[in-house]
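These are the residues of each chain, in order.
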There are 2 protein chains.
Amino acid sequence: MSLADRLPVAADFAAPPTMADRARWAAVDRAARPARLARLRARMAAAGVDAYLGVRPENGRYLTGLILGDGEEKVAGVSGWFVVSSDQVVVFADSRYTIQAMREAPDARIEPVYGDLRLRWPEIAAGLAARRVAVEAGFVSHATWTELVEAAPEVELVAAQDAAEPGTGWVEADRATKEPAELERVAAACAIADRALADLLPEIRPGVTEAHLAWQLEVLLRTGGADDLAFDVACLAGPEAALPHGSPGDRPVRTGAVLLFDFGAQVAGYRSDMTRTLFVGTPSTRDLAIHELVGRAQATAIGGLEAAVRGGGPLPTGPDVDALARDVIVAAGHGEHFGHGTGHGIGLATHELPSLGRRAARVALPSPTVFSVEPGVYLAGETGVRIEDLLSIDLAAGRVQTLTNFPRGIVIVGR
Amino acid sequence: MSLADRLPVAADFAAPPTMADRARWAAVDRAARPARLARLRARMAAAGVDAYLGVRPENGRYLTGLILGDGEEKVAGVSGWFVVSSDQVVVFADSRYTIQAMREAPDARIEPVYGDLRLRWPEIAAGLAARRVAVEAGFVSHATWTELVEAAPEVELVAAQDAAEPGTGWVEADRATKEPAELERVAAACAIADRALADLLPEIRPGVTEAHLAWQLEVLLRTGGADDLAFDVACLAGPEAALPHGSPGDRPVRTGAVLLFDFGAQVAGYRSDMTRTLFVGTPSTRDLAIHELVGRAQATAIGGLEAAVRGGGPLPTGPDVDALARDVIVAAGHGEHFGHGTGHGIGLATHELPSLGRRAARVALPSPTVFSVEPGVYLAGETGVRIEDLLSIDLAAGRVQTLTNFPRGIVIVGR
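Residues numbered from 1 in each chain as written. Chains lettered and ligands numbered in written order. Predicted model: local features only at pLDDT ≥ 70, side-chain atom pairs only at ≥ 80, totals over all residues. Heavy atoms only, no water.

A. Structural view of the interface of chain A and chain B. Across the boundary between the two partners, chain A contributes 42 residues, which contact 42 residues of chain B. Taken together, both faces of the contact between chain A and chain B bury some 3,600 Å²; the carbon and sulfur share is 56%. Applying the counting criterion to the chain A and chain B interface returns 6 salt bridges. Taken together, chain A and chain B are joined by 15 residue pairs in polar contact (both at pLDDT 80 or more). Among the elements that line the side of chain A that touches chain B, the one with the most residues is helix α9 (residues 210-222) of chain A, at 4 residues. (Contact = heavy atoms within 4.5 Å. Buried area = accessible area lost by both parts, 1.4 Å probe. Salt bridge = Lys/Arg side-chain N within 4 Å of Asp/Glu carboxyl O. Polar contact = N/O pair within 3.5 Å; in protein donor to acceptor, adjacent residues only side chain to side chain. Helix = DSSP H or I, 4+ residues; strand = E, 2+ residues; numbered from the N terminus.)

B. Spotlight on the state of the cysteines. Residues and elements named next belong to chain A. Following the criterion strictly, the structure yields 0 disulfides over all chains and no others. Lacking any disulfide linkage, Cys190 is separated from the closest cysteine sulfur, that of Cys235, by 20 Å. Taking the relative accessible area as the measure of exposure, Cys235 reaches 0% and is therefore buried. (Disulfide = S-S within 2.5 Å. Buried < 20%, exposed > 50% of the residue type's maximum accessible area, 1.4 Å probe, protein only.)

C. Highlighting the domain arrangement of chain A. Residues and elements named next belong to chain A. Domain parsing of chain A yields domain 1 (10-18 + 177-413) and domain 2 (48-175). Once you take the C-alpha centre of each, domain 1 and domain 2 turn out to be 34 Å apart. Each partner contributes to the roughly 970 Å² buried at the junction of domain 1 and domain 2, and carbon and sulfur atoms together form 43% of this total. When residues of domain 1 are sorted by the area they lose upon contact with domain 2, Thr177, Leu348 and Leu353 head the list and together hold 46% of the total. On inspection of domain 1 and its partner domain 2, the count reaches 7 residue pairs in polar contact (both at pLDDT 80 or more). Elements with a minimum of two residues in the side of domain 1 that touches domain 2: β7 (228-229), β11 (270-271) and β14 (352-356). Across the side of domain 1 that touches domain 2, the residue classes tally to 8 nonpolar, 3 polar and 6 charged. (Domains from an automatic or database assignment. Nonpolar A, V, L, I, M, F, W, Y, C, P; charged D, E, K, R; others polar.)

D. Summary view of the relation of the copies chain A and chain B. Aligned on chain B, chain A shows an RMSD of 0.0 Å; the corresponding rotation is 180 degrees and the shift along the axis is 0.0 Å. The superposition of one copy onto the other is thereby described by a two-fold rotation axis. Take the interface residues of chain A: 100% of them recur as interface residues in chain B, which is what a same-surface contact looks like. (Least-squares fit on C-alpha atoms with pLDDT ≥ 70 in both.)

E. Region of interest: the pattern of salt bridges. Counted according to the given criterion, the structure contains 70 salt bridges over all chains. Between Asp94(A) and Arg96(A) there is a salt bridge, with its nearest N and O atoms 2.9 Å apart. Taken as a pair, Asp94(A) and Arg96(A) share a single burial class, namely buried. Among the ionic pairs, Asp21(B) bridges to Arg24(B), the shortest N-O distance being 3.1 Å. Note that Asp21(B) and Arg24(B) are positioned in helix α1 (residues 19-47) at a spacing of 3 residues, about one turn of the helix. The class for Arg24(B) is partly exposed, based on a relative accessible area of 35%.

F. Looking closely at unusual backbone geometry. Cis geometry marks the peptide bond from Gly313(B) to Pro314(B); its omega dihedral reads 0 degrees. With respect to the helices, strands and loops of the structure, Pro314(B) is situated in the loop between α10 (285-310) and α11 (318-331). Even without glycine at this site, Ala129(A) takes up a positive phi of about 55 degrees. At Ala268(B), a residue that is not glycine, the phi angle is positive and equals roughly 50 degrees. Position of Ala268(B) relative to the elements: it lies in the loop between β10 (265-267) and β11 (270-271). When its relative accessible area of 16% is taken as the criterion, Ala268(B) is described as buried.

G. Focus on the pairing of strand β4 (residues 109-112) of chain A. All names here are of chain A. As judged from the 4 bridges shared by strand β3 (residues 89-93) and β4, these two strands associate in the parallel manner. Paired with Phe92 across the strands is Glu111, a residue of β4. On the question of chirality, the crossover connecting β3 to the parallel β4 by way of helix α4 (residues 98-104) is right-handed. (Pairing = 2+ DSSP bridges. Right-handed = clockwise from strand over helix to strand, strands pointing away.)

H. Spotlight on helix α5 (residues 117-127) of chain A. Residues and elements named next belong to chain A. Among the residues making up α5, those that are buried are Leu117, Arg120, Trp121, Ile124 and Ala125. Angularly, the buried residues of α5 cover 135 degrees about the axis, an arc narrow enough to put them on a single face. Summarising the geometry of α5, the exposed residues directed more than 90 degrees from the buried face are Leu119 and Ala126. (Arc of directions from axis to C-beta.)

I. Seen up close, the sheet that holds β7(A). Residue and element names in this part refer to chain A. Pairing in this open sheet of 3 strands is antiparallel, and the strands run β7-β10-β11 from one edge to the other. The open sheet is flanked by β7 and β11, the only strands paired with a single partner. Both strand β10 (residues 265-267) and β11 contribute to a ladder of 2 bridges, which runs antiparallel. Its bridge partner lying in β11, Gln266 is registered against Arg271.

J. Structural detail: helix α11 (residues 318-331) of chain A. All names here are of chain A. The terminal C-alpha atoms of α11, which comprises 14 residues, lie 20 Å apart, in line with the 20 Å expected from a rise of 1.5 Å per residue. At Ala325, α11 shows its largest kink, close to 30 degrees. Three or more residues of α11 are buried, namely Gly318, Pro319, Val321, Asp322, Ala325, Arg326, Val328 and Ile329. Those residues of α11 that are buried are in contact with α10 (285-310), β14 and β16 (376-379). Directly beyond the C-terminal end of α11, a positive phi value near 85 degrees is found at Gly333. (Expected span 1.5 Å × (residues − 1). Bend = angle between axes of the 7 residues up to and from the residue.)

See the structure below:
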């Protein structure tokens, strides 16, 4: 039982998306691509480049429609890489990907490229009249960059990165601002995750292992509407919860200790990310106090964001939001036990812009956007608590919305 | 029923590894690391470099022991990156990874590095007396390479790649030769895959969807001893099998058509990869003929390898093996329908050296090693057949062993 009247159940949360939702999102994406390409072309014109060479699967999906599975880029070679010029979009595909590329990227020209990009690059660049090409320098390997320069010395390569914010890619910066249908999919992924955790609660009892619960939660996500996980499920019991990125093991759940779940779903490419730290049996005073502290830090950050948005702006910077949460934890003497940032943007990638960390860019958050708010306190060898929700904001609409709806207070299970 | 007396069942194949196997592999890995590092240090000395900067998770696991999950490198930042000098191994870890790194890489020094490698690099390099550093240029981004050069211009960076074979990384080349305990794990992953497909056969009947069967096969793998998938399960029915890397969809299995499964398991980091093209109901004459052709191409390549190994060498090159399979398919008039290479090495990565493609290095295969032999014929819009087995060879021992043991002949299901 929880401090609320009852434990949450799946029906408390939104139903999974339908086939009609998915068909609509596919159509909306295709219709949105010209505007996405226009934003990129405006950056290209401002930087004086004729073409953009992309290698990152998320950016390829955003701009061309071609979908690579998670990790598939490791075996795809250059298939899925793409070039945008002022009037063309070209997608590279070897024979394994030709039919798929024609199907998923119908507005692009499919260029057959095998392991021979080095040989083909001069001709491809010349065919696009590309003399100065912006490249996703944060994602293309140094070896490939060097090969392309050697293959076509007459084609100048420059990093496709924001001059004001080195390290920030152009398309990554554009992707931080979300379209309505992108936010819908993140929200749908959040609801699937909420439902899955609710369905898992009755399975949690002393003695079951972290690995078993992680697998059960994955099954609930994958059979509950998720196309895939956003990332491997973390399920960490007791002292293990002090490892913010630990992997579930054969350790059993113990009564009187915390149980931390960090997980997310994917829906039509868009991801969710949530963390709940549950209590198995009667909580210790120490764990309750830390949970209260982390919850207060999170509420403070969210409250600050709400005030900014409802006040009509300006929006805070990422470091501003981080400071809102961090100051609460520092004031309680736990500053050194909160080593990571307060949050990160999410969308086609689990971690994307904006960053809400101490070292993030000191620029106002974009809008509309969606990001996590996830402070934590970790006592090595003892316990750990993190609470993570996704927050969607829209300054123009005066809207702040928590997309994660699983209760964030004290939830007691396994007794 | 199959052309054999009966359909295969899980008990036909080796049992999954035990906890004792896993404990032994962990101990053997730790004991093997000094020799792995010695091979790398010999390359470093020959190339006149003081240190090696590694960023690829597979190489980090091989040399240091630190384990990142699939895709985790996308959110880990520089955590898991490592530096090998003549007398030290340093692993970078931010606060999320400190405890895990100490546990998994007990023979390394853990260096706390956050998003600030650019700031820390001059001091880290100086601390290791590193003036000339070999970097995994095929995996580090061009942007990071540029940042490191700007941060410490006095430290010369060079690509850690084979001078004779540009593009071939040093550790990747070393990893192509397998230790006995590495081959054991690949074999264990193969047996888990064989068992899972055998267990799936009764579920295959006209009307069930590709996506349902792919998920059922994943569940069988994950609950049958696999730590994870090697890659997303491909399950492609009828004409979809002509997409060598297609994704399973809501298309139903139809009687009289082929059903292609391409999938693999992971066991303690090592992977398997197999493809079977089954027949649902009575096969068409066309499909049977293509299956016979592909099987004959595969048998020809394997036969050539067996003859070379049992004759005491020399071993063929990757392109030689490719030609053995390809010539059979070309002679049958289907050369243009076999667009990919004949095989690839496998181990900590699903695709690694040696490559058995037309454009692969013209050097003798390493030994002992393990790779796939997977010819295919794809008729767009009609049908596709691929048969893929892992083959382990050891020239010194005169041993050729097929690690995939699921029958590779005609298997008829769903009737």
